[in-house]
Amino acid sequence: MPTFRRRPHIGRRAIGTGLLAALALSAGSGPAAAEGLSFLDPQGPVAAAQRDHFYAVILLMLVVVVPVLIFTPLVAWRYRYRNHGARYAPDWKFSWPLEALIWGVPVAVVVVLSVWIWQETHDLDPYAPLAADKSLRVEVIGYDWKWLFVYPDLHIATMGVLGFPSDRSLDIRLTSASVMQSFFIPALGSQIYAMAGMRTKLHLKANRPGTFLGENTQYNGKGFHDQKFRARAMTARGFTDWVKQVRAKGVPLDAKAYDVVRAKGGLTDVRRAVAGGSMPPGTVYFTDVSADLLANVMHQFNGGASSSEVIVSERSPANDTALRSDAGHAASATGEPPAREE
Amino acid sequence: MTLHHLLLGRLDLHALPFWTMIEHPTHETIVNGTITTAAAGLEVLAAIVVIALVTRAGKWRYLWSEWLTSVDHKRIGIMYIALSFVMMSRALIEAALMRTQQAFGLGGGFLSPEHFGELFSTHGTIMIFFMAMPFLTGVINFAMPLQIGTRDVSFPVMNSVSLGLTTAGAMMIVISLALGKFSTGGWSGYPPFTEAAFNAGVGPDYWIWAVTLSSLGTMMSGINFAVTIYKRRAPGMTFMRMPLFTWTALCTAILMIFAMPPLTVATAMLALDRYLDFHFFTNGSGGNMMNYANLFWLFGHPEVYILILPAFGVYSEIFSTFSGKLLYGYTSLVLATMAIAVISFAVWLHHFFTMGQNASVNAAFGIATMLVGIPTGVKIYDWILTMFRGRVRFTVPIVYGLGFMMLFVLGGLSGILLANPTLDYQVHNTLFLVAHFHNMLIPGLLFGMLAAYHYWFPKAFGFRLDERWGMISAVSWIVGFMLAFFPLYVIGAMGFPRRTVAYFDPVYRPWMLIALAGAAVVLVALASLFVQLFVSIRRREALAVPAGDPWDGSNLEWAIAAPAPEYNFSVIPDVSDRNPFMIAKQKGDAYQTPAEFQDITMPKNSPLGMALAVAGGALAFGLVWHIWWLVALSCLGVLVAIVGQGFARDCEKVIPAAEVRRQHEAWLRTVAASRAVPRDLEGEPANTGLAARDRFSQAAE
């Protein structure tokens, strides 16, 4: 399996590789049975690293957990009331060596975990670009109760399916046109919140072509459970063909279509309203999409465009500056220095 | 504005749970309407039955003067726990309903999404604010003053007000079942979803005022407990001589004082947004929901330790008592408790690692979160070492305790996983998280409180609880918990979001069915608790422990009769070490007649708590339904009650020394007539509350 790892991890191999394999095996037969559902059956480098980290933390924690699981029943039974053979020391209440052990071991475990946390959190920062390759820009906008995937460089947008080539990483920017939502493709990697008036970022990559579950995990009303999509990684060629298809079958995202998009309702409601009969089941394709859509949706909540204007493209250098300062606003709101932008 | 609006605000026939199904009869509205109507009907019926029974028994005056207006910390504690049991029953039935829905939720199920949303919101809100909080507040109220050797808390009337406000908050949720709909925004009520722009109905308002009333009551409880522990310890009881449960009560009280106000502020700001068009947490006009998330979890994380610390205190008591041995590592446990209390204020951000902070901020809070794991781990080992070289009796509290330790470490393991921002990105908002916090709260808090209930019940009522039914309940809780929540870890790791009414992938279904079986076992556990209470009341003669020390206890609460006299101690004891009662028994100077008795001054009953409960409840109800005359009237009522209290002069009563002497001597006669039982007869009728000194004879062998 071509596992992508940006940095060999300290101490990983040191902890019982055999047990790790056993755990992975049992996970493979259980949770990850359905393909593309879980990070325990990772389909991309981020999820793979998360899975490794998951097992590593569990293994290390067993140092603290296993003694409790063994000694609790053992001690209770050995020193049960009726066992007159066991020593009874009712006034024994302290021992320095034991004290050192019960404080020392958890401290040692936490020190190791802290080093891991620091490294992993920086390595797998969803804001950090994954590789130097030419990534595909996708802008994700959360509506009640569906996601809109805008490809600003291709001037298309889709719903129900997020198509991308497996040989390029995804450079995702997110916002919400409604309440807070959380964008998540478990088999590929991290989830991140999408919030109105603010922009968050996420970088993901798939190892190879495949179809993975995508969803919203933040409850946002009655259509929440239905707010799923498919993330489809394709070959480079397959992606080019798919974009052509979207262009051929899509409907323009004009004011009328946008009203349908932003109205409360599920994907099927949008499909019905835009007469997407020629599009594949469970998808809606849009063409003529403004490259400024995400920025405009954000501006809406910051005293900018009204909802009827958000589909208009006005990209100009001046507008670009506005967008940038806006991102700075979101950045400061999320507690990150604006310098992190780019 | 019509007359209807003037009189009833937005309350009309649509608020009735069956109205929608009459107006729009579809399969969905009929199924959901029937369930809600049946539940509301049950509630109304229960209320009518209770009122009828009290009336028939002619007990209204008794109820009013002995309970509702009582400022006795023990009575208030018992009422808190009674409230907790009632609310727990409702929230558990809701949980079982949700498990049933999800077990059959492949492609739909039978509940509507809105109904499911109300269920998880009321379940969470009740379990945190109206089950867990009243339970631990009740236990602290009952046991802490007895443990430190005082006659009441520092502010007895305020104690009654705390109970009143908490009850009024609980009533909001009770009423919401029969009138209108509750919030679907979960127990955390995140805006902007709960803002008027997205949820204009009464649901979020019910949530806001229920939680606000409860948070005010809890903050006052915190002040009361802290001041009581600081100022009213018996002479000689230095801090390092306090029982460990009292230590955890102190830390909990401090957390309550500092953690509840952010919640009150957050709900008040949300109310301003909703009622007066402010923009604190709205999408537009400069609002930002991130501020809410920070405020809420600034409360929410210390809250987790408010919930768990008293349980840790209970476990410290019972492991020592039922092992017949001193607590191992007292100082260590005190330090660990304080450490947890302090660190708990520095971890709140781990509830939203996924909000887009930079990696360093996330990592810092992740590490802080894991630091809490250290003192917690130490405590677990301290309890194991307390059993080590002891003589462990497998009573109901010990079974809860053993179940707790082995399950809690697994919850700790999943907690450490969640503390890693990298892993939180994967399991946040999924059923993995739900499994984790239930794994902490059920074995941690609930088992601890049920152990405390079993442990101190004899001190409250003078008879023990039936062991057999208690054991059935404890084992059912443990097994039911494991069946209900371990599958959720698996499903959560498979990316299943929490609060999901239905799903489309059959892979989840087998796990959901196991969880449903677990829910059924948990219902058995709850039913067993009620059977246990019923059986115990019937067998109260056989289970009576009038001498007052059924478990061979170490602390002051066991040095008095059971049930404890109103004034707790005939004479305030002098304390010269930890475990004062054990030492007294050891030296043979327990059960003495004091040289002289004195008159005891106790606070008189006060109707203020009830007045504020009614006025506060009416105020909240008026605000929810926009009945402004009721709002004005109840504000006036609150004002009059508080100002009126200031004019109350005759607030104390005196219990004459002769009466104290009479009761004390009667108790000593009972003690003298009691047979001292060795510990292997602890669960038998022979145990009337006088412990044989086998502990020391054993040690001497």
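Peer 1: Explanation requested: the overall build of chain B in the structure shown.
Peer 2: Within chain B one finds 23 helices and two strands. Counting only C-alpha atoms, chain B reaches 75 × 55 × 45 Å along its principal axes. Counting all 701 residues of chain B, 63% fall into the buried class. Within chain B, counting contacts between residues at least 6 apart in sequence, those at least 24 apart form 82% of the total. As displayed, chain B has an accessible area near 23,800 Å², and 70% of this comes from carbon and sulfur atoms. In chain B, 42 positive and 40 negative side-chain charges are present, and the distance between their average locations comes to 6 Å.

Peer 1: Teacher, can you tell me more about the environment of alanine 233 of chain A here?
Peer 2: Residue and element names in this part refer to chain A. Relative to the helices and strands, alanine 233 resides in strand S10 (residues 228-234). For the pair formed by alanine 233 and valine 261, sequence separation is 28 residues and the distance between their alpha carbons is 25 Å. Look past the residues within four positions of alanine 233 in its chain and what remains in contact with it is Phe164, Ser166, Ala206, Arg208, Pro209, Gly210 and Phe212.

Peer 1: Explain the domain arrangement of chain A to me, please; I cannot follow it from the model alone.
Peer 2: Many descriptions give the size of an interface as the accessible area lost when the pieces come together. Residues and elements named next belong to chain A. If you check the domain split of chain A, you get domain 1 (17-123) and domain 2 (136-340). Overall, the association of domain 1 and domain 2 removes approximately 950 Å² of surface from exposure, summing both partners, and the carbon and sulfur fraction of that is 49%. Linking domain 1 with domain 2 are zero salt bridges. In this assembly, domain 1 and domain 2 are joined by six residue pairs in polar contact (both at pLDDT 80 or more).

Peer 1: Please clarify how helix H9 (residues 244-276) of chain B should be interpreted in this entry.
Peer 2: Residue and element names in this part refer to chain B. A rise of 1.5 Å per residue sets the reference length of H9, with its 33 residues, at 48 Å; its end C-alpha atoms lie 47 Å apart and thus fit the reference within 8%. Maximum bend of H9: about 30°, positioned at methionine 256. Within H9, 24 of the 33 residues are buried, which leaves it mostly tucked inside the rest of the structure. The positive-phi residue at the C-terminal boundary of H9 is aspartate 277, with phi of around 65°.

Peer 1: How should I be thinking about the side chain of glutamine 191 of chain A in this particular structure?
Peer 2: Within the element layout of this structure, glutamine 191 of chain A appears in strand S7 (residues 191-194). Owing to a relative accessible area of 0%, glutamine 191 of chain A belongs among the buried residues under this scheme. Within polar-contact distance, the side chain of glutamine 191 of chain A engages the side chain of serine 182 of chain A at 2.8 Å. Residues contacting glutamine 191 of chain A, with those up to four places away along its chain left out, are Ser182, Phe183, Phe184 and Thr217 of chain A together with Thr354, Asp424, Tyr425, Gln426, Val427, His428 and Asn429 of chain B.

Peer 1: Can you walk me through the layout of surface pockets in this structure?
Peer 2: All names here are of chain B. By volume, the second largest pocket amounts to about 820 Å³. Counting residues per element, the lining of the second largest pocket draws most heavily on helix H19 (residues 580-587), which supplies five residues. Among the residues making up the lining of the second largest pocket, the classes are represented as 22 nonpolar, eight polar and four charged.

Peer 1: I tried to follow the sheet that holds strand S8 (residues 200-204) of chain A on my own but got confused; where do I start?
Peer 2: Adjacent strands of a sheet pair through backbone hydrogen bonds, lying either parallel or antiparallel. Residues and elements named next belong to chain A. Read across the open sheet, the seven strands follow the order S8-S5-S1-S2-S3-S12-S11; overall the sheet is mixed. Lying at the two open borders of the sheet, with one neighbouring strand each, are S8 and strand S11 (251-252). Both strand S1 (residues 136-143) and strand S5 (residues 170-176) contribute to a ladder of seven bridges, which runs parallel. When the bridges of S5 are listed, arginine 137 appears paired with aspartate 171.

Peer 1: Explain the side chain of asparagine 555 of chain B to me, please; I cannot follow it from the model alone.
Peer 2: Along the chain, asparagine 555 of chain B turns up in the loop between helix H18 (540-543) and H19. Excluding anything up to four places from it in sequence, asparagine 555 of chain B contacts Gln147, Pro243, Glu317, Asn579, Pro580 and Phe581 of chain B.

Peer 1: Whenever I open this one, the interface of chain A and chain B confuses me. Can you help?
Peer 2: With 94 residues of chain A at the contact, the number on the chain B side is 100 residues. Summing both partners gives a buried area of about 8,400 Å² for chain A against chain B, and 69% of it is carried by carbon and sulfur. Considering only the surface of chain A that becomes buried against chain B, Tyr81, Tyr88 and Tyr219 of chain A emerge as the three largest contributors, covering 11% of it. Inspection of the region where chain A meets chain B yields zero salt bridges. Where chain A touches chain B, the interface holds 28 residue pairs in polar contact (both at pLDDT 80 or more). Of all elements in the fold, only helix H2 (45-78), helix H3 (96-123), strand S6 (181-184), S7 and strand S9 (210-216) of chain A reach the threshold of two or more residues within the side of chain A that touches chain B. Looking at which element gives the most residues to the side of chain A that touches chain B, the answer is H2 of chain A, with 19 residues. Partitioning the side of chain A that touches chain B into residue classes produces 55 nonpolar, 23 polar and 16 charged.

Peer 1: Quick question: what am I supposed to make of the pattern of salt bridges here?
Peer 2: Charged atoms that come close allow side chains of opposite charge to pair. All names here are of chain A. As enumerated under the stated definition, the model contains 23 salt bridges over all chains in all. As a salt-bridge pair, aspartate 259 and arginine 262 come within 3.2 Å of each other at their nearest N and O atoms. With aspartate 259 and arginine 262 both in helix H5 (residues 255-262), this residue pair falls three residues apart, about one helical turn. According to the relative accessible area criterion, aspartate 259 is partly exposed, its value standing at 41%. By relative accessible area, which is 40% here, arginine 262 ends up partly exposed.

Peer 1: What am I meant to see in the sheet that holds S10 of chain A here?
Peer 2: Residue and element names in this part refer to chain A. Pairing within the open sheet is mixed, and its five strands lie in the order S4-S10-S9-S6-S7. Two strands close off the open sheet at either side, each with one partner strand: strand S4 (161-165) and S7. The mean inter-strand angle of the sheet, taken between neighbouring strand axes irrespective of direction, is 25°. Bridge analysis of S9 against S10 gives six bridges, and the strand direction is antiparallel. Within the sheet, the bridge partner assigned to phenylalanine 212 lies in S10 and is alanine 231. Most of the contacts of helix H4 (residues 236-249) go to S4, to which it runs at about 135°, and overall it touches S4 and S10.

Peer 1: Looking at this structure, I do not really get the packing of aromatic side chains. What am I missing?
Peer 2: When we look at a pair of aromatic rings, we describe it by the centre distance and by the angle of the planes. Tallied over the full model, the rule gives 69 aromatic pairs over all chains. Here phenylalanine 39 of chain A and phenylalanine 54 of chain A contribute two aromatic rings whose centre-to-centre distance is 5.2 Å and whose plane-to-plane angle is 85°, an arrangement assigned as edge-to-face. Placement of phenylalanine 39 of chain A in the loop between helix H1 (17-29) and H2 and of phenylalanine 54 of chain A in helix H2 is noted, with a sequence separation of 15 residues between them. Centroid distance tyrosine 151 of chain A to phenylalanine 239 of chain A: 6.5 Å. Interplanar angle 45°. Geometry classified as tilted. Here tyrosine 151 of chain A is found in strand S2 (residues 146-151), whereas its partner phenylalanine 239 of chain A is found in helix H4, with 88 residues between them in sequence. Here tyrosine 151 of chain A falls in the buried class, since its relative accessible area comes to 1%. Put simply, the rings of Phe129, Phe130, Trp187, Tyr190, Phe278, Phe280, Phe281, Tyr292, Phe296, Trp297 and Phe299 of chain B pair up and form one aromatic cluster. When the ring centre of tryptophan 77 of chain A is taken as origin, the NZ or CZ atom of arginine 80 of chain A, which lies over that ring, is 4.1 Å away.

Peer 1: What exactly am I supposed to notice about the packing of H9 of chain B against helix H10 (residues 289-323) of chain B here?
Peer 2: Any two packed helices are characterised by how steeply their axes cross, that is the angle between the axes, and by the distance between the axes. Residues and elements named next belong to chain B. Taken N-terminus to C-terminus, the directions of H9 and H10 make an angle of 160°; their axes are 8 Å apart at the nearest point. Judged by the angle between their axes, H9 and H10 are roughly antiparallel. Where H9 crosses over H10, the two elements pack in a sense that is left-handed. Taken together, the residues of the contact of H9 with H10 break down into 25 nonpolar, four polar and two charged.

Peer 1: How do you make sense of the nonpolar core when you look at a structure like this?
Peer 2: One finds Trp383, Trp456 and Trp477 of chain B to be the most contacted residues of the largest nonpolar core, which totals 236 residues. Per-domain counts for this core show at least three residues from each of domain 1 (17-123) and domain 2 (136-340) of chain A. Beyond its immediate sequence surroundings of up to four residues, tryptophan 477 of chain B is in contact with Met88, Leu92, Tyr400, Ile442, Leu446, Phe447, Leu450, Val522, Ala525 and Leu529 of chain B.

Peer 1: It is not clear to me how a nonpolar patch on the surface should be interpreted in this structure. Could you clarify?
Peer 2: Residue and element names in this part refer to chain B. Together, Leu3, Leu6, Leu7, Leu8, Trp629, Leu633, Leu636, Leu639, Val640, Val643 and Phe647 line one region of the surface with nonpolar side chains, adding up to about 1,100 Å² of accessible area. Secondary-structure elements contributing two or more residues to the nonpolar patch are helix H1 (3-8) and helix H21 (628-647). Here the nonpolar patch takes seven residues from H21, the largest share from any one element. Structurally, the position occupied by leucine 7 is in helix H1. Owing to a relative accessible area of 44%, leucine 7 belongs among the partly exposed residues under this scheme.

The rules behind the values
- Residue positions within a chain follow its written sequence, with the count starting from 1.
- Here every chain gets a letter starting at A, and every ligand a number starting at 1, in the order they are written.
- For a predicted model such as this one, the threshold for reporting local features is a pLDDT of at least 70, and the threshold for listing and counting side-chain atom pairs is 80 or more; totals across whole chains, interfaces and linings nevertheless cover every residue.
- Neither water nor hydrogens contribute to the side-chain values; these are computed over all heavy atoms in the structure.
- Strands here are runs of E lasting at least two residues and helices are runs of H or I lasting at least four, both read from the DSSP assignment and numbered beginning at the N terminus.
- We call a residue buried when its accessible area falls under 20% of the maximum for its residue type, exposed when it is over 50%, and partly exposed in between, using a 1.4 Å probe and counting protein chains only.
- Throughout, a residue-residue contact means that at least one pair of heavy atoms, one from each residue, lies within 4.5 Å.
- Only the protein chains shown count as covering a residue, and every accessible area follows the Shrake-Rupley method with a 1.4 Å probe.
- Working convention for charge: Lys and Arg count positive, Asp and Glu count negative, and His plus the chain ends are omitted.
- Every charge is mapped to an atom, namely NZ of Lys, CZ of Arg, CG of Asp or CD of Glu.
- The source of the domain bounds is an automatic or database domain assignment.
- What gets called buried area is simply the loss in accessible area from a 1.4 Å probe that two parts show on being joined, summed for both.
- Any Lys or Arg side-chain nitrogen located within 4 Å of an Asp or Glu carboxyl oxygen qualifies as a salt bridge.
- Here a polar contact means two N or O atoms within 3.5 Å. Within protein one must be a hydrogen donor candidate and the other an acceptor candidate, and residues neighboring in sequence count only if both atoms are side-chain atoms.
- A helix is expected to reach a length of 1.5 Å times the quantity of its residues less one.
- The seven residues ending at a residue and the seven starting there each receive a fitted axis; the angle between those axes is the bend at that residue.
- Think of a 1 Å grid over the protein atoms and nothing else: a 1.4 Å probe that fits but is trapped marks a cavity, an open set flanked by protein within 12 Å on at least five of seven lines marks a pocket, and residues with an atom within 4 Å of a point count as lining.
- Grid points are joined across faces, edges and corners, and a volume is the space filled by probe spheres set on the points.
- Under the scheme applied, nonpolar residues are Ala, Val, Leu, Ile, Met, Phe, Trp, Tyr, Cys and Pro; charged residues are Asp, Glu, Lys and Arg; polar residues are all the others, including Gly.
- Two strands are counted as paired when DSSP detects at least two bridges linking them.
- Every angle, taken between N-to-C directions, lies between 0 and 180 degrees, and every axis is a line fitted to C-alpha atoms, over only the stretch in contact when it is a helix.
- The aromatic pairing rule takes the rings of Phe, Tyr and Trp, using the six-membered ring of Trp, and pairs them if the centres are within 6.5 Å, calling planes under 30 degrees apart stacked, those over 60 edge-to-face and the rest tilted.
- Sitting over a ring, as applied to charges here, requires NZ of Lys or CZ of Arg to be within 6 Å of the ring centre and within 35 degrees of the ring normal.
- Here is the rule for angles: anything less than 35 degrees is roughly parallel, anything more than 145 is roughly antiparallel, 65 through 115 is roughly perpendicular, and the remaining ranges are oblique.
- Each helix crossing is assigned a hand: it is left-handed if the near helix lies turned anticlockwise from the far helix by less than a right angle, otherwise right-handed if that turn is clockwise.
- In these notes, a set of buried Ala, Val, Leu, Ile, Met, Phe, Trp, Tyr and Cys residues joined through side-chain atoms within 4.5 Å is what counts as a nonpolar core.
- Within the patch definition used here, like charges are joined within 9 Å and nonpolar side chains (Val, Leu, Ile, Met, Phe, Trp, Tyr) within 5 Å, considering only residues with over 30% relative accessible area and no salt bridge.

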